[in-house]
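# Notes for the structure review
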Amino acid sequence: MDVNAAVAAAAAIAGVLTGVIAMLAFRWSERDQKRPTRTSLHTDPVLPPGVDTVLSVLRSSAVVLDEADGVVKASSAAYALGLVRGGKLAVEPMLQMARDTRRDGEIRQVELDLPRRGNGRGEALAVSARVAPLGSRLVLLLVEDLTEARRIEAVRRDFVANVSHELKTPVGALSLLSEAVMDAADDPEAVERFAGRMQIEATRLTNLVQELIDLSRVQNDDPLDDAEPVRVDELVAEAIDRCRQAAGTKQITMAAGGTADLHVRGNRGQLAAALGNLVENAVNYSPARTRVGIAARRVGAPGGDLIEIAVTDQGIGISERDKERVFERFYRVDPARSRATGGTGLGLAIVKHVVASHGGEVTVWSAEGQGSTFTLRLPESGLSRDRAPRTPDHDGLDDEPGGSPASPHTSPYETLPAPEVLP
């Protein structure tokens, strides 16, 4: 009896111990499952709901980093800027910002200059980087390209500085001349001389203000909104009339020629101003008793025929260095001559903007001491009269009968039909 009781007691104790051990084992297993393992630490994090969609519509370059600085998500713009390479963030300052933000949760922003991809030459990329925490494990990096905005701001600053300088010159001259007139009130000859100088400076100031207005207008307006077919012959005649007096004073022969009855499509006023500026420059920069020619022709192009208007002079010419900058605002090849002729340095800038807004281009050929040829190329309007059949030349484009590509050693104007000399 005692033996049976002892066996029963031992069995009961063993059962209780087994139950306790099983319960502890279950609790330990559950706790172990909740504990992160080495493998679970390296699983790919999941973006919070909706974040992927938001990042896809952002204009900024977006990069999402995990706790190991690995790239979880990156936009195509981020790869284009060279921010992400080999699955890692390639810009060390941005990487350090991300680590600091992950540590303290603070949002950070900084502007950086990054070298361009490839050979690294050229203007650096200006970017603004902003880092913010995204949940408990991820960090979001947003990068905005500021290069174009900085370039525009630099252009604006230069433009304001140049305008201020150009305005100050005639205004200062008028102030000094007015004082001279007051001091010479008893000398009629001096008063007349100073008054003549005042008229010159006032005219220069008026021209500058008008060209600033014209430049602003051609930059802001779309000439194709009110486009109309414009006869090239009328544009040439108007440009010649505009400069006839100045050319006559210097005994410069004005000549017009080329193919007749050509049309372009655009804003007549802007096109007339552009061609007039070229002819006026040709007269101003030509020596006395020389020749200025204007000729037009039709040339073939893959996208449709173009109308080419060439203005040629026998002036001082333009150096290779200056040819790259002649279309910049306020740039002058010969500042002394510009002051003598009243030039503002805006004429060719206006020409460039007008032609570009009409879907064309302006080019320059020049050799020092041999003169210059400025050529406008504009799309044909389609109203030009029927013309003779043409045959492709060696470069695959079509030329008018008798025309040929311009030699690199001669003025393109020499390849056009002989112009008609005008009185």
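Structural notes, computed from the coordinates. Quick caveat, the model's predicted, so the values are computed rather than measured.

## Notes on the pattern of salt bridges
Following the criterion strictly, the structure yields 25 salt bridges and no others. Between Arg137 and Glu67 there is a salt bridge, with the nearest N and O atoms lying 2.9 Å from each other. Of this pair, Arg137 sits in the loop between β6 (125-134) and β7 (138-145) while Glu67 sits in the loop between β1 (61-65) and β2 (71-74); the two residues are 70 residues apart in sequence, bridging distant segments of the chain. Measuring nitrogen to oxygen at the nearest pair gives 2.7 Å for the salt bridge that ties Arg108 to Asp104.

## Observations concerning the environment of Met254
Relative to the assigned elements, Met254 resides in strand β9 (residues 253-258). You can call Met254 buried: its relative accessible area is 3%. On a C-alpha basis, the gap between Met254 and Arg291 in space is 6.2 Å, while along the polypeptide they are 37 residues apart.

## Some points on helix α4 (residues 92-104)
The end-to-end C-alpha distance of α4, which contains 13 residues, comes to 19 Å, matching closely the 18 Å that a straight helix rising 1.5 Å per residue would cover. For α4, every residue scored as buried is listed here: Met94, Leu95, Met97, Ala98, Asp100 and Thr101. Those residues of α4 hidden inside the fold are in contact with β1, β4 (88-89), β5 (108-114), β6 and β7. Once α4 ends, the next one or two residues include Gly105, with phi positive near 75°.

## Topic: the side chain of Ser128
For Ser128, the position within the fold is in strand β6. A relative accessible area of 10% means that Ser128 is categorised as buried. Polar contacts involving the side chain of Ser128 include one to the side chain of Gln109, which spans 3.3 Å. With sequence-adjacent residues up to four places away left out, Ser128 is seen in contact with Gln109, Val110, Glu111, Leu142, Val143, Glu144 and Leu146.

## Here we look at the nonpolar core
Ranked by internal contacts, the top residues of the largest apolar core, which has 46 residues, are Val232, Met254, Val264, Leu275, Ile309 and Leu376. Mapped onto this core, the elements with two or more residues apiece are α6 (188-220), α7 (232-249), β9, α8 (268-284), β11 (291-299), β12 (306-312), α11 (347-357) and β14 (371-379). With eight residues, α8 is the largest single contributor of residues to this core. Apart from residues no more than four positions distant in its own chain, Ile309 is found in contact with Val232, Leu275, Ile294, Ala295, Ala296, Phe374, Thr375 and Leu376. Formed by 22 residues, the second largest nonpolar core is a distinct cluster that contains Ala78, Leu89, Met94 and Leu125.

## Topic: the sheet that holds β6
In space, the five strands of this open sheet follow the order β2-β1-β7-β6-β5, with antiparallel pairing throughout. For this open sheet the edge positions go to β2 and β5, each flanked by a neighbour on one side alone. Each strand axis lies, on average, 20° off the axis of its neighbour in the sheet, ignoring direction. The strands that α4 touches are β1, β5, β6 and β7; relative to β5, the one it contacts most, it runs at about 170°. Strand contacts of helix α5 (residues 147-183): β5, β6 and β7, with the helix running at about 135° to β6, the strand carrying the most contacts.

Scoring rules and cut-offs
Sequence order as written defines the numbering, with residues in each chain counted from 1. Per-residue local features are limited, in this predicted model, to residues with pLDDT of at least 70; the limit for side-chain atom pairs, both in listing and counting, is 80 or more; totals at the level of whole chains, interfaces and linings are taken over all residues. Side-chain metrics rest on all non-hydrogen atoms present in the structure, leaving aside hydrogens and water. Just to be clear on terms, a salt bridge is a Lys or Arg side-chain nitrogen sitting within 4 Å of an Asp or Glu carboxyl oxygen. Secondary structure is summarised from DSSP: a helix means a run of H or I of at least four residues, a strand means a run of E of at least two, and numbering begins at the N terminus for each. In this scheme, a residue with accessible area under 20% of its type's maximum is buried, one over 50% is exposed, and one in between is partly exposed, where area comes from a 1.4 Å probe on protein chains only. Here a helix's expected span is defined as the number of its residues, less one, multiplied by 1.5 Å. For this analysis, residues touch if any pair of their heavy atoms sits within 4.5 Å. We call two N or O atoms a polar contact when they sit within 3.5 Å, provided that within protein one can donate a hydrogen and the other can accept it, with sequence-adjacent residues counted only if both atoms are side-chain atoms. We define a nonpolar core as any set of buried Ala, Val, Leu, Ile, Met, Phe, Trp, Tyr and Cys residues linked to one another through side-chain atoms lying within 4.5 Å. For two strands to be treated as a pair, DSSP must find no fewer than two bridges joining them. Axis lines are fitted to C-alpha atoms, over the contacting stretch for helices. Their N-to-C directions set the angle, which ranges from 0 to 180 degrees.

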